[in-house]
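Given next are the chains, with one letter for each unit.
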Amino acid sequence: MNALIKARPTSLNDETRAGSLTQVLLIHHDDELRNRLSQGLRDLGCRIVTTDSITSALVLLAATEIEMVFADAELPEKSTSLLLDHIKQSSPLTPVILVVPGSDPACALALIRAGAMDVLPSDFTTEQLKQAFESGLSCCLLRRQIRTESNQRIQAERRVTENEVKLRAILSSTWDPLLTVDSRGVIESASESVERVLGWTVDELLGQNVSILMPEPHRSNHDGYLLTYFETGKTSLLGRPRELHAVRKDGSQFPCEVTIWRTDIPGQVSPIFTGIIRDTTNRKQTEELQKLAQDLEISAAASEIESARMRDLAEELSVAHEKAQQAARAKSEFLANMSHEIRTPMTAILGFADQLSDPDIDPTERNDIVEIIQRNGRHLLDIINDILDISKIEADRLSIEPLATPLAPMVRDVISLLQQQADAKGISLILDCPQDLPRMIRTDPTRLKQVLMNLLGNAVKFTNEGSVTLAVRILPDSSDDSRRISFDISDTGIGISEEQLENLFEPFSQADSSMTRKYGGTGLGLVISQKIAQHLGGDLTVTSEMGKGSTFTVVIDAGALDDEESDDLPNSINEKQPSASSTSPDASDLAGRRVLLAEDGLDNQRLISFILKKAGIDVTLVENGQKAVEAVSDALPGSAPFEVVLMDMQMPVMDGYQATEKLRSLGSRVPIIALTAHAMSGDREKCLAAGCNDYLTKPVDRQLLVNTINSLIADTRQTQASTAEAAPKASGD
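About the thresholds
Residues numbered from 1 in each chain as written. Predicted model: local features only at pLDDT ≥ 70, side-chain atom pairs only at ≥ 80, totals over all residues. Heavy atoms only, no water. Helix = DSSP H or I, 4+ residues; strand = E, 2+ residues; numbered from the N terminus. Buried < 20%, exposed > 50% of the residue type's maximum accessible area, 1.4 Å probe, protein only. Contact = heavy atoms within 4.5 Å. Areas by Shrake-Rupley, 256 points an atom, 1.4 Å probe, with all protein chains shown as cover. Salt bridge = Lys/Arg side-chain N within 4 Å of Asp/Glu carboxyl O. Axes fitted to C-alpha atoms, helices over the stretch in contact; angles between N-to-C directions. Parallel < 35°, antiparallel > 145°, perpendicular 65-115°, else oblique. Left-handed = near helix turned anticlockwise from the far one by under 90°. Nonpolar A, V, L, I, M, F, W, Y, C, P; charged D, E, K, R; others polar. Phe/Tyr/Trp six-rings, centres within 6.5 Å; stacked < 30°, edge-to-face > 60°. Lys NZ or Arg CZ within 6 Å of the ring centre and 35° of its normal. Pairing = 2+ DSSP bridges.

Participant: What is the right way to look at the overall build of the protein in this model?
Facilitator: Within the protein, the secondary structure is distributed over 22 helices and 22 strands. For the protein, with 733 residues in total, the buried portion stands at 40%. Pairs at least 24 residues apart make up 66% of the contacts formed inside the protein by residues separated by at least 6 positions. When the accessible surface of the protein is summed, it comes to about 40000 Å², and 52% of that surface belongs to carbon and sulfur atoms.

Participant: How do you make sense of the pattern of salt bridges when you look at a structure like this?
Facilitator: By the definition in use, this model includes 22 salt bridges. For arginine 184, the salt bridge goes to aspartate 182, with nearest N and O atoms at 2.9 Å. You can call arginine 184 exposed: its relative accessible area is 57%. For the salt bridge of arginine 262 with aspartate 264, the shortest nitrogen-to-oxygen distance reads 3.0 Å. A single network of salt bridges, built from pairs that share partners, joins Glu243, Glu257, Arg283, Lys284 and Glu287.

Participant: Even after reading the chapter, I still don't get the packing of helix H14 (residues 407–425) against helix H15 (residues 445–461), so can you show me in this structure?
Facilitator: When two helices pack together, their arrangement is given by the angle between their axes and by how far apart the axes lie. Close contact between H14 and H15 brings their axes to 10 Å; oriented N to C, the two are set at 20°. Compared by their axis directions, H14 and H15 come out roughly parallel. The chirality of how H14 crosses H15 is right-handed. Contacts from Met410, Asp413, Val414, Ile415, Leu417, Leu418, Gln421, Ala422 and Lys425 of H14 reach H15 at Pro445, Leu448, Lys449, Leu452, Met453, Leu456, Gly457, Val460 and Lys461. Residues of the contact of H14 with H15, tallied by class, amount to 12 nonpolar, two polar and four charged.

Participant: When you look at the packing of aromatic side chains in this model, what are you seeing that I'm missing?
Facilitator: Aromatic rings in a pair are described by how distant their centres are and how their planes are angled relative to each other. Using the criterion set out here, one finds one aromatic pair in the structure. Pairing tyrosine 229 with phenylalanine 273 gives two aromatic rings, centres 5.9 Å apart and planes at 75°, and the pair type is edge-to-face. Of this pair, tyrosine 229 sits in helix H10 (residues 218–232) while phenylalanine 273 sits in strand E10 (residues 272–279), and the two are 44 residues apart along the sequence. One residue, arginine 36, lies across the ring of phenylalanine 124, its end atom 4.2 Å from the ring centre.

Participant: Help me out: how do you make sense of the sheet that holds strand E8 (residues 242–247) in this one?
Facilitator: Strand order in the open sheet formed by five strands is E7-E6-E10-E9-E8, with antiparallel pairing between adjacent strands. The open sheet has two free edges, formed respectively by strand E7 (187–190) and E8, since each of these has just one partner strand. Mean inter-strand twist for the sheet, computed between neighbouring axes without regard to direction, equals 35°. Bridge analysis of strand E9 (residues 253–263) against E10 gives eight bridges, and the strand direction is antiparallel. Residue pairing across strands places glutamate 257 opposite arginine 278, the latter belonging to E10.

Participant: Please clarify how the sheet that holds strand E20 (residues 644–647) should be interpreted in this entry.
Facilitator: Across a sheet, strands are paired by hydrogen bonds formed along the backbone, either parallel or antiparallel in direction. Taking strand neighbours across the sheet as the criterion, the five strands line up as E19-E18-E20-E21-E22 in an open arrangement whose pairing is parallel. The sheet is open, and its two edges are formed by strand E19 (618–622) and strand E22 (694–697), each paired on a single side. If you compare each strand with its neighbour and ignore which way they point, the axes differ by 20° on average. Inspection of the sheet shows E20 paired to strand E21 (residues 672–676) by three bridges, in the parallel sense. Looking at E21, one finds that valine 645 is bridged to isoleucine 672.

Function cannot be read off these values alone, since they describe shape.
Shown next as structure tokens:
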């Protein structure tokens, strides 16, 4: 029997040959035959449940995960028909193999029509049993696959729902009214702040034409504005703030600043428009006061006392105005940074999601793509969580839940979560703890872990060589009623200047806000960490020296605890060498044009390269602007020069603006397409002014990208042909 099993067809994989531990229900009144079947199915790797009663069989089918049924075809009182009917209704994909006496083809056909998958003669051989089992196993595997895919779909829908809830929370916390309007001008959604500013509730505005918020004559002319825009594509409103007047529900008007964006939804013919309405009444009053102050200053010669008063007033207004401008600049930089931070993972998510629709993709590549989408989705979720946390902090709604927390496991967990990132950079991650630390502390473990993860993550991110150390200490001022514990996160990284330290814990700020910033981030992590530390009964402080590193110190109140045993924590974590990763380019069906891709994001490198190679393009990849300049300069005419350069505008070493300007100063005429996640007002003009021929934003539209490349190549070839044709004429003259 074992020899026959080893010799069965090799079309099934190892999991199938082992029966995948299939759970089989065996129903037969003949003890001897039932024992033969049990032994044969066990040899095929099955788990067996046996019974000789149709009643107990139906109970087992309802209460047990039965994947296959072997049953007597002649159960008493037509029980076989009852069994087949029950399985048809409750579990139609459960295969039933009926054991019949003899080998009458007519009888076998009738049983199969009644619902059996296969029949097995009662005097079966081992090979016949194996073939009947394998015919039923295909149904079992299909059933498992359907169940797995159903669970995956349910989980995906749950994640989408969670993200929608968080996005609605962000929308509800906006201070300025935010509206979305369809192509007919009908309001589709509105933030709750419309009631505070405009007097309308959200429900009252939904379904109304947006012109209801406009004074005459704009209200009557609004439909004409829309028609002109869709016919000509020209408008002065999109993408830039405009000063207008809005109408409240009670009919009163107020000055406002309106900014409108157009959004094209994939698969939807008509775009939607998103608008923010900012009440500028206070700003107008400030401007009027400034003008009044200037007028009074001119006439202040009439009275020295009055002149001094007016100067003081002017100085106060100037300070207030400067603070307002600084706040506006900080908000603008934050919005631009958020646009980049959100669009970067969205480029990978949307692009690789589109790649999944390729029917020729193999399972291994599909799994890699799913991991990339999940990784970028988690990064996007971290950004959303930062925004939610800072909203809670500013609204004084940050909740803390003190719990008895094991100190050592939490610290070890933080270290282990960042070990791979440290190994990848080739730096040491060190844990320094004394022997007398308490085993338990009382704090909010989730929030404390969030602070330590953020600070250690920053330390690893800003350290290129050397080490990062987490030192845990009991402070000397601790008492019997309360213990204060400090966590010192020290690194040998780039350090922070005194000027940068002044604004380090301000919302929406980073130590380095230039375009060549190579580290990214929302600029919210440190202010969130400091506020959490203060809510935990302590504070977050920093000392730093440029070029030598930084030390961030978190102090928390560990709560009133009795003396408890210490937990021996290791003083170091074993270092590991970073492993090199490589990618294999996909084969192209076309011998294409040479294109240079300058992109520092690994996921975007892979996505954009895939799109280009699918179009038959020969892609060369570099990770910064300096290497892009070198690659174009090295590819001289006559040695297969690049025909187009795709230039990310924010890269380390040398950004895309500098690289483009450098190439143009060297006399290079290669067409350059700005491919960037910066999509704020004025970014297109900035890219074109630097010398780019065209401008595309992330997430990448693959068809638009390929069409733009083809168009630039065609224009270049036409220009070269015209130049070559004109040359003989010029020499003849």
